[in-house]
Amino acid sequence: MQIVEKKIKLPDVDPAELLGVLEGNLQLIENKFDTAITVRGDTIVLRGEPAEVKKIEMIFNEMIYTLQRNGKLAFTDVSMIVDLVDGGRAGVQNQVPTEDLDSVILWAKKEVIRARTPKQMEYYKKVQANDLVFCLGPAGTGKTYLAVAMALGALRANEISRIILSRPAVEAGESLGFLPGDLSEKVDPYLRPLLDALGEMVSPDKLKSMIEKRIIEIIPLAYMRGRTLNNSFIILDEAQNSTKIQMKMFLTRMGKNSKVIVTGDASQVDLPRKTESGLSGVHELFDGIKGIEFVQFDRSDVMRHRLVMEIINAYELDDVRRRGENPPS
């Protein structure tokens, strides 16, 4: 993949006017493209694929022209300029049959990420319609991967301003502070699956830029306490390894204009014995509350290597035998 760097020297315009209130104009552009955008004084640095860098250069040139001509630059002006230059990414959309467009979750850089099974489609629709969704089921069903794609889609559409990804660091327990290295090095093994999912959808430079600007935060569950997360898309992964107290703490972090997805697999609890999982009883606890929904995947929804489904099936049969029950025919 060819990567180029382009520097745009700003003429006699106020960078604050160009980038918008709280850099809203800049964030609009960042959310639409994979190119990393860095502002250094009166210079904007673009780093990405040549075709996309050229588009963004055109967008900034149009923004500068509009600001110089009108003396102001509204957010709606920038949105219109982006749509005109980007053209809706028609080239990517043409790769998807018209009848499948409703299943598209994210127009990613190299592929279209979409719901591929009826249960994944249910998952997608429930997240669009509700503020809190619990997605439960075995490994390989796309729980986390699709959650990350939906979060990036919401960010790109400017429905939210940041993404918060969290996981319990169970093996480290309360001893995180005694592990070597800084916080990132301590928790990297526990948060790596979330980074891997992001890495398949966002270019490395873009991802690094979004993390540095805290547009994307990847943090262990223990560090969520005391925060109120407004205008955010929040994902708690591997929630079966949270305790009841941690689950309550996490869910009460939800602020205004925020959306939450909780994923987990009740068959893979790594908590100490006699410690009740935070997922235990959530369906009964929240059943009937408007805005909260549940999605339950099973082994028929596994999208990984075919052996994953066979492995899950073998373990389920073993559990049945251990309980002294007759295996299903």
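Everything numeric here is computed off the predicted structure, so don't read it as measured data.

**Student:** Sorry, what's going on with the overall build of the chain here?
**Tutor:** Scanning the chain for helices and strands turns up 12 helices and 11 strands. Looking at the 329 residues of the chain, the share that counts as buried comes to 48%. Here the contacts in the chain between residues at least 6 apart in sequence split such that 71% fall between residues at least 24 apart. Here the chain displays about 17,700 Å² of accessible surface, and carbon together with sulfur accounts for 51% of that area.

**Student:** Help me out: how do you make sense of the side chain of Arg162 in this one?
**Tutor:** Mapped onto the elements of the fold, Arg162 is located in strand 7 (residues 162-167). Looking at Arg162, the relative accessible area reads 18%, which means it is buried.

**Student:** How do you make sense of the sheet that holds strand 2 (residues 36-40) when you look at a structure like this?
**Tutor:** Sheet strands associate in pairs through backbone hydrogen bonding, adopting either a parallel or an antiparallel arrangement. Here we have 3 strands laid out as an open sheet, ordered 1-3-2, and antiparallel in their pairing. Each end of this open sheet is capped by a strand with a single partner; those strands are strand 1 (4-9) and strand 2. On average, each strand axis in the sheet is tilted by 20° relative to the strand beside it, whichever way the strands run.

**Student:** Please clarify how unusual backbone geometry should be interpreted in this entry.
**Tutor:** Non-glycine residue Asn158 carries a positive phi angle of around 60°. Here Asn158 shows up in the loop between helix 7 (143-156) and strand 7. Looking at Asn158, the relative accessible area reads 29%, which means it is partly exposed. A positive phi angle, close to 70°, is found at Lys274, a residue other than glycine. According to the relative accessible area criterion, Lys274 is exposed, its value standing at 90%.

**Student:** It is not clear to me how the environment of Met80 should be interpreted in this structure. Could you clarify?
**Tutor:** Secondary-structure assignment places Met80 in helix 4 (residues 75-86). Residue Met80 is classed as partly exposed on the basis of its relative accessible area of 49%. Residues Met80 and Ile59, spaced 21 residues apart in sequence, show a C-alpha to C-alpha distance of 10.0 Å.

**Student:** Whenever I open this one, the nonpolar core confuses me. Can you help?
**Tutor:** Nonpolar side chains in soluble globular proteins tend to be buried together. With 39 residues, the main nonpolar core has Tyr123, Met150, Leu152, Ile163 and Phe233 as its most contacted residues. If one sorts the elements of this core by residue count, helix 7 sits on top with 9 residues. Setting aside its immediate chain neighbours within four residues, Tyr123 contacts Val133, Cys135, Gly142, Lys143, Leu146, Ala147, Met150, Ile261, Thr263, Val295 and Phe297. The next biggest cluster of nonpolar side chains, apart from the first, holds 24 residues, and it includes Val13, Ile29, Ile56 and Phe60.

**Student:** Is there a simple way to think about the packing of helix 3 (residues 50-70) against helix 4 in this case?
**Tutor:** Packed helices, taken two at a time, are described by the angle their axes make and the gap between the axes. Packing of helix 3 against helix 4 brings their axes to within 10 Å, and their N-to-C directions diverge by 145°. Our pair here, helix 3 against helix 4, has a crossing hand that is right-handed. Where helix 3 abuts helix 4, its residues Lys55, Met58, Ile59, Glu62, Met63 and Thr66 lie against Asp77, Val78, Ile81, Val82, Val85 and Asp86. Class assignment for the residues of the contact of helix 3 with helix 4 results in 7 nonpolar, 1 polar and 4 charged.

**Student:** Whenever I open this one, the pattern of salt bridges confuses me. Can you help?
**Tutor:** Opposite charge on two side chains makes pairing possible when the charged atoms of those side chains draw close. Counted under the stated rule, the structure contains 14 salt bridges. Of the charged contacts, one joins Glu122 and Lys126 as a salt bridge, the two residues approaching to 2.8 Å between their closest N and O atoms. In this pair, Glu122 and Lys126 both sit in helix 6 (residues 118-129), 4 residues apart, roughly one turn of the helix. Taking the relative accessible area as the measure of exposure, Glu122 reaches 26% and is therefore partly exposed. A salt bridge links Glu217 to Arg227; the shortest N-O distance between them is 3.1 Å. Of the two residues, Glu217 sits in strand 8 (residues 216-220) while Arg227 sits in the loop between strand 8 and strand 9 (232-236), which places them 10 residues apart along the sequence. It is possible to trace a salt-bridge network through shared partners that takes in Lys119, Glu122, Lys126 and Glu293.

**Student:** Whenever I open this one, the packing of aromatic side chains confuses me. Can you help?
**Tutor:** Centre distance and the angle of the planes are the two values used to describe a pair of aromatic rings. Applying the stated criterion across every chain yields a total of 3 aromatic pairs. With a centroid separation of 5.9 Å and an interplanar angle of 20°, the aromatic rings of Phe134 and Phe286 are classed as stacked. A residue pair is termed long-range when its members are at least 10 positions apart, and Phe134 in strand 6 (residues 132-136) and Phe286 in helix 11 (residues 282-286) qualify at 152 residues. In this pair, the class of Phe134 matches that of Phe286, namely buried. Between the aromatic rings of Phe134 and Phe294, the centroid separation amounts to 5.1 Å while the plane-to-plane angle is 10°, which identifies the pairing as stacked. Here Phe134 is found in strand 6, whereas its partner Phe294 is found in strand 11 (residues 292-296), with 160 residues between them in sequence. Just as Phe134 is buried, Phe294 falls in that class too. Through pairs of rings, three or more aromatic residues link up here, namely Phe134, Phe286 and Phe294.

Cut-offs and rules
Residues numbered from 1 in each chain as written. Predicted model: local features only at pLDDT ≥ 70, side-chain atom pairs only at ≥ 80, totals over all residues. Heavy atoms only, no water. Helix = DSSP H or I, 4+ residues; strand = E, 2+ residues; numbered from the N terminus. Buried < 20%, exposed > 50% of the residue type's maximum accessible area, 1.4 Å probe, protein only. Contact = heavy atoms within 4.5 Å. Areas by Shrake-Rupley, 256 points an atom, 1.4 Å probe, with all protein chains shown as cover. Pairing = 2+ DSSP bridges. Axes fitted to C-alpha atoms, helices over the stretch in contact; angles between N-to-C directions. Core = buried A, V, L, I, M, F, W, Y, C linked by side-chain atoms within 4.5 Å. Left-handed = near helix turned anticlockwise from the far one by under 90°. Nonpolar A, V, L, I, M, F, W, Y, C, P; charged D, E, K, R; others polar. Salt bridge = Lys/Arg side-chain N within 4 Å of Asp/Glu carboxyl O. Phe/Tyr/Trp six-rings, centres within 6.5 Å; stacked < 30°, edge-to-face > 60°.

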